[in-house]
Amino acid sequence: MRYNTTAEPHEPSPAERLARAQAKAEVLTEALPWIKAFAGATIVIKYGGNAMVSHELQQSFADDIAFLRFAGIRPIVVHGGGPQINAMLERLGIESEFRAGQRVTSPEAAQVARMVLSGQVNRDIVARINQNGSNAVGLSGEDADLMLGEPLTVEDGGQLVDLGRVGRIVEVNTSVLDELLDAGRVPVVCSIAAERRGAPDQPLNVNADLAAAAIARHMRADKLIVLTDVPGVYANWPDRDSLISRISPDELRALLPSLDSGMIPKMTAALEAVDHGVTQAHIIDGRTAHSVLLEVFTDQGIGTMVQAPGARLRTHREPGHGAVEDHGGHGAAGASDPAAESAAARTQPTDPITAPQEAPHG
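What counts, and where the lines are drawn
- Residues numbered from 1 in each chain as written.
- Predicted model: local features only at pLDDT ≥ 70, side-chain atom pairs only at ≥ 80, totals over all residues.
- Heavy atoms only, no water.
- Axes fitted to C-alpha atoms, helices over the stretch in contact; angles between N-to-C directions.
- Helix = DSSP H or I, 4+ residues; strand = E, 2+ residues; numbered from the N terminus.
- Parallel < 35°, antiparallel > 145°, perpendicular 65-115°, else oblique.
- Left-handed = near helix turned anticlockwise from the far one by under 90°.
- Contact = heavy atoms within 4.5 Å.
- Nonpolar A, V, L, I, M, F, W, Y, C, P; charged D, E, K, R; others polar.
- pLDDT = per-residue confidence, 0-100.
- 1 Å grid on protein atoms, 1.4 Å probe; cavity = no way out; pocket = protein on both sides within 12 Å on 5 of 7 lines; lining within 4 Å.
- Points joined across faces, edges and corners; volume = space filled by probe spheres on them.

## Some thoughts on the packing of helix 3 (residues 82-92) against helix 4 (residues 107-130)
Phase 1 of the analysis: At a minimum axis distance of 9 Å, the contact between helix 3 and helix 4 shows a crossing angle of 130 degrees. When the axes of helix 3 and helix 4 are compared, the pair comes out oblique. The element helix 3 and its partner helix 4 pack so that their crossing is right-handed. Of the residues in helix 4, those in contact with Gln84, Ile85, Met88, Leu89 and Leu92 of helix 3 are Ala109, Val112, Ala113, Met115, Val116, Leu117, Gln120 and Val121.
Phase 2 of the analysis: Partitioning the contact of helix 3 with helix 4 into residue classes produces eleven nonpolar, two polar and no charged.

## Quick word on the confidence of the model for the protein
Phase 1 of the analysis: Summarising the model, the protein shows a mean pLDDT of 83, and 84% of its residues fall at 70 or more.
Phase 2 of the analysis: Per-element averaging of pLDDT across the protein places strand 15 (residues 324-327) at the bottom with 32 and strand 2 (residues 74-79) at the top with 98.
Phase 3 of the analysis: The low-confidence segment residues 316-362 (pLDDT under 50) makes 129 contacts with residues lying over four places distant or belonging to another chain.

## Quick word on the side chain of Ser140
Phase 1 of the analysis: Within the secondary structure, Ser140 is located in strand 5 (residues 136-141).
Phase 2 of the analysis: Apart from residues lying up to four places away in sequence, Ser140 is in contact with Ser118, Leu146, Cys190 and Ile192.

## What about the layout of surface pockets?
Phase 1 of the analysis: Looking at the largest pocket, its volume works out to about 630 Å³.
Phase 2 of the analysis: Contributing to the lining of the largest pocket are 29 residues, with Gly82, Phe98, Gly101, Arg103 and Asn207 lying nearest its centre.
Phase 3 of the analysis: Only strand 1 (42-47), helix 3, strand 4 (102-104), helix 6 (208-218), strand 10 (223-228) and helix 8 (264-275) provide two or more residues apiece to the lining of the largest pocket.
Phase 4 of the analysis: Per-element tally for the lining of the largest pocket: the top contributor is helix 3, with four residues.
Phase 5 of the analysis: Here the residues of the lining of the largest pocket sort into ten nonpolar, 14 polar and five charged.
Phase 6 of the analysis: Taken as a whole, the second largest pocket spans an internal volume of roughly 390 Å³.
Phase 7 of the analysis: Gln102, Leu152, Val154, Leu210 and Thr268 are the residues nearest the centre of the second largest pocket, which is lined by 18 residues in total.
Phase 8 of the analysis: The set of elements that each furnish at least two residues to the lining of the second largest pocket consists of strand 6 (147-156), strand 7 (159-172), helix 6 and helix 8.
Phase 9 of the analysis: When the residues that make up the lining of the second largest pocket are grouped by side-chain class, the tally is ten nonpolar, three polar and five charged.

Next comes the structure, spelled out in structure tokens:
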């Protein structure tokens, strides 16, 4: 006699189904005040790291961006593609060198970066977002002179280093982005720029963190969110309990020299954005599924938030930058908003950070 040893799937009882439905309703209820507060807000999201190479995380990120757009938020995605560029350079036998956390880029490597970012990575991101009907539009910084840059030199070990075809953004054509956002589109921008007064066939490779900060700054965005491969900034790495939830620009400036070289461009981007009018900059762990939604639509938020003392969040209630209202919070909420108390709890200043006892993790 043969016995069927395969367990039958458990059929949820009516009470279990009700409990699951109630749990979902509680999640939606928690998100509602944040959805109301962020209606019409412009949020720039830098996408990269492990979130870009894991199939599951790619899909959760695309779902997050679609959710933002359908919730009435104006997301702009800015991406690099370091792993993909590395793989192509290796296939072509072109060696990579990094100085001060940035890639030294020869003219040949710049052409490879343009091909990979604009022709491969950008297409993939757009296609995934559009699976949700989000009307994403892929752009290079060279399109319509969206991003114009100048060659960049950096200080490394006390010396100025020429990074080759690496640029810093000096101009952003915001009208292109505004037109797309006003039409309900999601701009997806790869970090390749045209050189101002340079040859049209010589692109500039731009650090994606700094490109996102430049776009956030020129767009007067409400938030800059940078996805990375760590939970945030630590005051005393490797003590994982020393994760900094909130830090002021001055505190971050004091911390910056001791950060890991890979973290420096991200925190520099956060500082640049906040110093030039972006209300909040967040460094969050892109390895966590739906990390963008967790930051924007939950009371606790995740990662490290950089915000100047007294800064108030601007939200644009109507598409096209309509009426402006002030809000505050790690998410966002005004004093008359149902989420005000939870927002205040999230934005209580941490103990002053002057200098880490050990080098923070980056």
